[in-house]
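Summary of the model geometry
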Amino acid sequence: MERGIIQVENQSWTPKEKGFDHTLGVMREGYMYIPNRMQSFQTDIFKTRLLGEQVICLSGKEAAELFYDIDKFKRHKAAPKKAMKTLFGQGGLQTLDGVKHQHRKEMFMSLMSNERLNKLKAITEKHWEQALHAWTGKGKIQLYDEAKEMMTRIASEWAGLPAPDDKFEEHVKKVSSLFESPTKLGLKYKKAVNHRKELEQWIRGLITQVRDGKMHPETGSALDVISWHRDLNENLLDSQTAAVEIVNILRPIVAISIYINFTALAVYQFPNETVKLVSGNEQLMQQFVQEVRRFYPFFPFLPARVKQDFTWKNHTFPKGTLTLLDLYGTNHDPKYWDNPNLFKPDRFADWSGSPFDFIPQGGGDYWMGHRCPGEWMTVDVMKVALDYLVNKMDYTVPKQDLSYRLVHMPSIPPSHVILENIQRK
């Protein structure tokens, strides 16, 4: 790795990485790009250049508190174009600020009621039961691929979307490509761009049917709520923006399949922790799931742009500067986590619940800030998966490559976690 040098700029002592552009460094080092440089510079902030522009990188609890200050940072035009065309979509919640963001966020938060979360849990349990029945006597499965299919059915049913059974495998590939491809190049990326366009076109058609009274999704479902959501001017969302937001419900729920994969890996790799879960104790299950989310890689960093010039700890932040918050590094920061590279669910036994040092899906306030509104969904779905993997299934884990590389985003074990001889307990 090319090391940087400390330069003095505008009376600030902000470390700056040498060289014209380091985009290839991100591609080579993945989740460790920012943590490597934080360790090298012995700081929680440094400057670099990515995709041709100056970027400020931040890590740690204090940096996260700064990053989620809506008076200092905005999300509009922060995400790279590649991510906008696949991961986020154009005009979605992640690109909004101020009252527009708050109003749209309230729509998403309305989907996170106890009733809707309990509905998701019931649907998830139903589909795990169906999957367990199908897997029994099958010989072997690749859990990641099975989980993507299962989560696509779960997400569709919960959101009020019809699952296109005649082309279901292709449908799963389309949704999965949105979170598997943002860092890919060439044909894989182009396919993902087309997949998002196709998904949005399909959902625009569903929204039109709902608004024309030809389709009646369950009251309170995502398709129902988003189809009838009105903006600050009391106008219905245009069908394209509404479609973007529904895809942004579907995509992250299916992406939980990554966490399901890592949950199975943790169950296998840490038997001393797994044995504690046989009792089905809710608190221990919660701790295990949270440690999976902290320990394993999910999303590497998040972008924002500086709203107005300001200074923080003698570091200058010029207006418009792209700023990245390191999620993986913050979740492994030894200042906040004892032995962060050890898998220790007990660390969450007395955890205070800080919104800034535990940020696998972002941080800050759910209602006013940009923290992922679906975080509760992730935890609930993972707890159901964990209960099945520990208490409701017998299976063997054959010899396979269970390594995962932090240079790949997202990071998935090459074997996709093979399970054999699956039986109901």
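These numbers were taken from a predicted model, which means no experiment stands behind them.

Thresholds applied
- Residues numbered from 1 in each chain as written.
- Predicted model: local features only at pLDDT ≥ 70, side-chain atom pairs only at ≥ 80, totals over all residues.
- Heavy atoms only, no water.
- Core = buried A, V, L, I, M, F, W, Y, C linked by side-chain atoms within 4.5 Å.
- Buried < 20%, exposed > 50% of the residue type's maximum accessible area, 1.4 Å probe, protein only.
- Helix = DSSP H or I, 4+ residues; strand = E, 2+ residues; numbered from the N terminus.
- Contact = heavy atoms within 4.5 Å.
- Pairing = 2+ DSSP bridges.
- Axes fitted to C-alpha atoms, helices over the stretch in contact; angles between N-to-C directions.
- Patch = residues over 30% accessible without salt bridge, like charges linked within 9 Å, V, L, I, M, F, W, Y side chains within 5 Å.
- Areas by Shrake-Rupley, 256 points an atom, 1.4 Å probe, with all protein chains shown as cover.
- Salt bridge = Lys/Arg side-chain N within 4 Å of Asp/Glu carboxyl O.
- pLDDT = per-residue confidence, 0-100.
- Phe/Tyr/Trp six-rings, centres within 6.5 Å; stacked < 30°, edge-to-face > 60°.
- Expected span 1.5 Å × (residues − 1).
- Polar contact = N/O pair within 3.5 Å; in protein donor to acceptor, adjacent residues only side chain to side chain.

**As for the nonpolar core**
- Of all hydrophobic cores here, the largest spans 85 residues; its most connected members are Trp128, Trp135, Trp158, Ile249, Ile260, Val292 and Met393.
- Examining the composition of this core, we find that 18 residues originate from one element, helix α11 (residues 239–269), more than from any other.
- Among residues more than four places away in sequence, those in contact with Trp135 are Trp128, Ile141, Leu143, Glu146, Met150, Met393 and Ile422.
- The next biggest cluster of nonpolar side chains, apart from the first, holds 19 residues, and it includes Ile45, Ala64, Phe67 and Ile359.

**Considering the sheet that holds strand β11 (residues 393–396)**
- In space, the 3 strands of this open sheet follow the order β6-β12-β11, with antiparallel pairing throughout. Looking at strand neighbours, the two that pair on one side only are β6 (140–142) and β11, the edges of this open sheet. With direction set aside, neighbouring strand axes in the sheet form an average angle of 45°.
- Sheet topology places β6 next to strand β12 (residues 418–424); 3 bridges connect them, and they run antiparallel. Each residue of the ladder has a partner; that of Gln142, found in β12, is Ile418.
- Contacting β11 and β12, helix α15 (residues 375–392) runs over the sheet at an angle of about 75° to β11.

**Things to note about a nonpolar patch on the surface**
- A surface patch of nonpolar side chains, amounting to about 320 Å² of accessible area, comprises Leu24, Met27 and Leu185.
- For Leu185, the position within the fold is in the loop between α8 (168–180) and α9 (187–211).
- Accessibility expressed as a relative area gives 63% for Leu185, which makes it exposed.

**Digging into the confidence of the model for the protein**
- Mean pLDDT for the protein: 92, with 94% of residues reaching 70 or above.
- Put simply, strand β1 (residues 5–6) is where the protein has its lowest mean pLDDT, 38, and helix α10 (residues 222–227) is where it has its highest, 98.
- In this model residues 1–11 is a low-confidence stretch, pLDDT under 50, and it forms 31 contacts with partners more than four residues away in sequence or in other chains.

**Comments concerning the packing of aromatic side chains**
- Overall, the coordinates contain 26 aromatic pairs when judged by the stated rule.
- Centre to centre, the rings of Phe73 and Phe317 are 6.1 Å apart; their planes meet at 90°, and the pair counts as edge-to-face. A residue pair is termed long-range when its members are at least 10 positions apart, and Phe73 in strand β5 (residues 73–74) and Phe317 in strand β9 (residues 315–317) qualify at 244 residues. For the pair shown, Phe73 and Phe317 are each scored as buried.
- Aromatic side chains Trp337 and Phe358 sit 6.0 Å apart centroid to centroid with 70° between the ring planes, which places their arrangement in the edge-to-face category. Here Trp337, found in the loop between α14 (327–330) and α15, pairs with Phe358, found in the loop between α14 and α15; they are 21 residues apart in sequence, far enough to count as distant.

**Re helix α13 (residues 282–295)**
- Helix length check: α13 (14 residues) gives 20 Å between terminal C-alpha atoms against 20 Å at 1.5 Å per residue, within 8%.
- Most of α13 sits inside the fold, with 10 of its 14 residues counted as buried.
- Among all positions of α13, only Met285, Gln287, Phe288, Val289, Gln290, Glu291, Val292, Arg293, Arg294 and Phe295 are buried.
- Where the residues of α13 are buried, they touch α11, α12 (271–274), α14 and α15.
- The N-capping residue of α13, defined by a side-chain oxygen 3.0 Å from the backbone nitrogen of Gln283, is Asn281.

**Structural notes on the side chain of Ser227**
- On the secondary structure map, Ser227 appears in helix α10.
- Relative accessible area serves as the criterion here: at 0%, Ser227 is assigned to the buried category.
- Of the polar contacts made by the side chain of Ser227, one reaches the backbone oxygen of Leu223; its length is 2.6 Å.
- Not counting the four nearest positions on each side in its chain, Ser227 is found in contact with Ile207, Val210, Arg211, Ala222 and Leu236.

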